[in-house]
Amino acid sequence: MAYVRTRAFVVDSPDRFMQISPRKLCVRTVHEMSTRFGVDDCSMRRCILSGVHVPQACRAEHPKTMHEPRPHASSPPTKARGFAAMAPSRHADEGGQLQLMEADRIEEEEDCFESIDKLISQGINAGDVKKLQDAGIYTCNGLMMHTKKSLTGIKGLSEAKVEKICEAAEKLLSQGFMTGSDLLIKRKSVVRITTGSQALDELLGGGIETLCITEAFGEFRSGKTQLAHTLCVSTQLPIHMHGGNGKVAYIDTEGTFSSRPERIVPIAERFGMDANAVLDNIIYARAYTYEHQYNLLLGLAAKMAEEPFRLLIVDSVIALFRVDFSGRGELAERQQKLAQMLSRLTKIAEEFNVAVYITNQVIADPGGGMFITDPKKPAGGHVLAHAATIRLMLRKGKGEQRVCKIFDAPNLPEGEAISFIFWPFYFWFY
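Residues numbered from 1 in each chain as written. Predicted model: local features only at pLDDT ≥ 70, side-chain atom pairs only at ≥ 80, totals over all residues. Heavy atoms only, no water.

Enquirer: For this particular structure, what's the right way to read the pairing of strand β7 (residues 247-252)?
Expert: Within a regular beta strand, the side chains point alternately toward one face of the sheet and then the other, so they alternate between its two faces. The buried fraction of β7 amounts to 6 of the 6 residues, a majority that puts the element mostly inside the structure. When β7 meets strand β9 (residues 309-315), the two strands line up parallel, connected through 6 bridges. Each bridged residue has a counterpart across the sheet, and for Ala249 the counterpart in β9 is Leu312. (Buried < 20%, exposed > 50% of the residue type's maximum accessible area, 1.4 Å probe, protein only. Helix = DSSP H or I, 4+ residues; strand = E, 2+ residues; numbered from the N terminus. Pairing = 2+ DSSP bridges.)

Okay, structure coming up:
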């Protein structure tokens, strides 16, 4: 029997598209179906939502895709390094019910960092290595991101020991100059994680990038946290499905995740993934002070050195600083502490090749003038503006519309993507 294979489903006939729940079809899957049958995305989406049959003429335009070999029904499902794979496969019965695809096996990636334990082979005492680990340093890459002054502040490490440790780490790493060609090759390790929106992915050049900080700012109910929840799921998709094939770390400063963890369930179902497995691959921490928030980042290095993470979310990065510091008298200290935390986020992104997604609040701009339609600007000032590589501005549109605009990016042109909320747990972007 002729069938069509999508990323999440195997459908026995194009006439049965209407049996697929629209909530379980992402925009990319709709686009793949429309490409195979020679129709535009809007027509294919209307077929799915309204139950209209795909014209027979469209089926004849792609005869090759209609006769691909059916996957073996008894082949065991595979998982990518323990991450949330597709839901368990089901056999197609005589009535033409849907059959979920098995997840493809993903090859193991090479480590992008040198473990701090390798210093022992360079003559460093194991006890001194343990002291570095207690201070939150688990890789040689992370060690070289600290100043010697901060390292001597670790209890039990003298200046002579720090000098010897740094020399041993330099032998294991290449921290000098490199050519532009070598840097271009290194950039190939960047992973772009889909946002679940075709339009937003195109706006971002493929998705949220690793090795950098992506900031999303906007007023309340503009979609910042919603995008964070979607990224918690899409990050666990395999690389060939534009995911990150890794785990997620979530630092919550406003209680947006702790109050509604069940929001992940319908998002996981949309991508055809096991909701329980998805939740198991998300580690969560609630921060109550800016010091607690920074200490959580220090402890996170231990987990990232042992397990493959691909995304770190801080929602929001500025909330606790606005609470713990007040008035202009403490503004300088606040900005210095904020700069230290943002520096730590940048080091984590580059050390472990993870994407850092932070949300930010907005403040009123009295000096904007009467001719400014929306006199708001992101909080955090120039310190936060310089630390974030890509800045996204989210705002409310007409009715249930949400608009995402590239506010600042080194390699992306200005543009906007408009979304419509059809379901309270995720977006459909057009």
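Enquirer: Even after reading the chapter, I still don't get the environment of Ser316, so can you show me in this structure?
Expert: Note that Ser316 resides in the loop between β9 and α14 (319-324). We classify Ser316 as buried; its relative accessible area is 1%. Taking the C-alpha atoms as reference, Ser316 lies 9.6 Å from Tyr357; in sequence the two are 41 residues apart. Residues within four places of Ser316 in sequence aside, it is in contact with Thr253, Glu254, Gln293, Thr359 and Gln361. Only 3.3 Å separates the side chain of Ser316 from the backbone nitrogen of Ala319, close enough to count as a polar contact. (Contact = heavy atoms within 4.5 Å. Polar contact = N/O pair within 3.5 Å; in protein donor to acceptor, adjacent residues only side chain to side chain.)

Enquirer: Would you mind showing me how to read the nonpolar core here?
Expert: Grouped burial of nonpolar side chains is what soluble globular proteins tend to show. By size, the foremost hydrophobic cluster in this structure holds 38 residues, and its most contacted members are Leu204, Val233, Ile282, Ile313 and Tyr357. Ranked by the residues each element gives to this core, the list is headed by helix α10 (residues 224-234), at 5 residues. The contact partners of Val233, leaving out residues within four places of it in the chain, are Ile264, Ile267, Ala268, Phe271, Met273 and Val278. Of all hydrophobic cores here, the second largest spans 32 residues; its members include Ile213, Met304, Leu320 and Val354. (Core = buried A, V, L, I, M, F, W, Y, C linked by side-chain atoms within 4.5 Å.)

Enquirer: Explain the side chain of Glu209 here, please?
Expert: Tracing the chain through its elements places Glu209 in strand β5 (residues 208-209). A polar side-chain atom of Glu209 sits 3.1 Å from a polar atom in the side chain of Arg192. Once you skip the residues sitting within four places of it in the chain, Glu209 turns out to touch Arg187, Val190, Val191, Arg192, Ala355 and Asn411.

Enquirer: Would you take a moment to explain helix α4 (residues 126-134) for this structure?
Expert: Because each turn of an α-helix spans 3.6 residues, side chains separated by three or four positions in sequence point in the same direction. Restricting attention to buried positions, one finds in α4 the residues Asp128, Val129, Leu132 and Gln133. Along the long axis of α4, the arc covered by the buried residues comes to 145°, so they all point the same way. On its buried face, α4 is in contact with α5 (140-143), α6 (148-152) and α7 (159-172). For α4, the N-terminal capping position is held by Asn125, with its side-chain oxygen 2.6 Å away from the main-chain nitrogen of Gly127. Positioned one or two residues after α4, Gly136 has a phi angle of 90°, which is positive. (Arc of directions from axis to C-beta.)

Enquirer: It is not clear to me how unusual backbone geometry should be interpreted in this structure. Could you clarify?
Expert: One can expect most non-glycine residues to show negative phi and most peptide bonds to be in trans. Ser316 follows Asp315 through a cis peptide bond whose omega is -5°. In this structure, His242 is a non-glycine residue whose phi angle is positive, near 65°. With respect to the helices, strands and loops of the structure, His242 is situated in the loop between α10 and β7. Classification of His242 by relative accessible area gives partly exposed; the value is 34%. In this structure, Asn245 is a non-glycine residue whose phi angle is positive, near 55°. Asn245 sits in the buried class, given a relative accessible area of 1%.

Enquirer: Mind showing me how you'd approach the environment of Ile137 here?
Expert: Within the fold, Ile137 resides in the loop between α4 and α5. Residue class for Ile137 comes out buried when judged on its relative accessible area of 3%. Between the C-alpha atom of Ile137 and that of Ile116, which follows or precedes it by 21 residues, the distance is 7.5 Å. If we ignore the near neighbours within four places in the chain, the residues touching Ile137 are Ile116, Leu132, Gly142, Leu143, His146, Leu151 and Ile154.

Enquirer: Explain the packing of helix α13 (residues 290-306) against helix α15 (residues 331-352) to me, please; I cannot follow it from the model alone.
Expert: Pairs of packed helices are described in terms of their axes, by the angle between the two and the distance that separates them. At a minimum axis separation of 11 Å, α13 and α15 run at an interaxial angle of 10°. Classed by the angle they form, the pair α13 and α15 counts as roughly parallel. Considering the relative orientation of α13 and α15, their crossing is left-handed. Taking contact as the criterion, the partners of Tyr290, Gln293, Tyr294, Leu297, Leu298, Ala301, Met304 and Ala305 in α13 are, on α15, Lys337, Gln340, Met341, Arg344, Leu345, Ile348 and Phe352. Here the residues of the contact of α13 with α15 sort into 11 nonpolar, 2 polar and 2 charged. (Axes fitted to C-alpha atoms, helices over the stretch in contact; angles between N-to-C directions. Parallel < 35°, antiparallel > 145°, perpendicular 65-115°, else oblique. Left-handed = near helix turned anticlockwise from the far one by under 90°. Nonpolar A, V, L, I, M, F, W, Y, C, P; charged D, E, K, R; others polar.)

Enquirer: Looking at this model, I keep getting lost on the pairing of strand β10 (residues 355-360). Mind explaining?
Expert: Of all the 6 residues making up β10, 6 are buried; the element is thus mostly covered by neighbouring parts of the structure. Of the two faces of β10, the one holding Ala355, Tyr357 and Thr359 and the one holding Val356, Ile358 and Asn360 are both buried throughout. In this structure, strand β6 (residues 213-217) lies alongside β10, joined through 5 bridges in parallel fashion. Looking across to β10, one finds that Ile213 is bridged to Val356.

Honestly, that's just the spatial picture; any functional story needs more than this.
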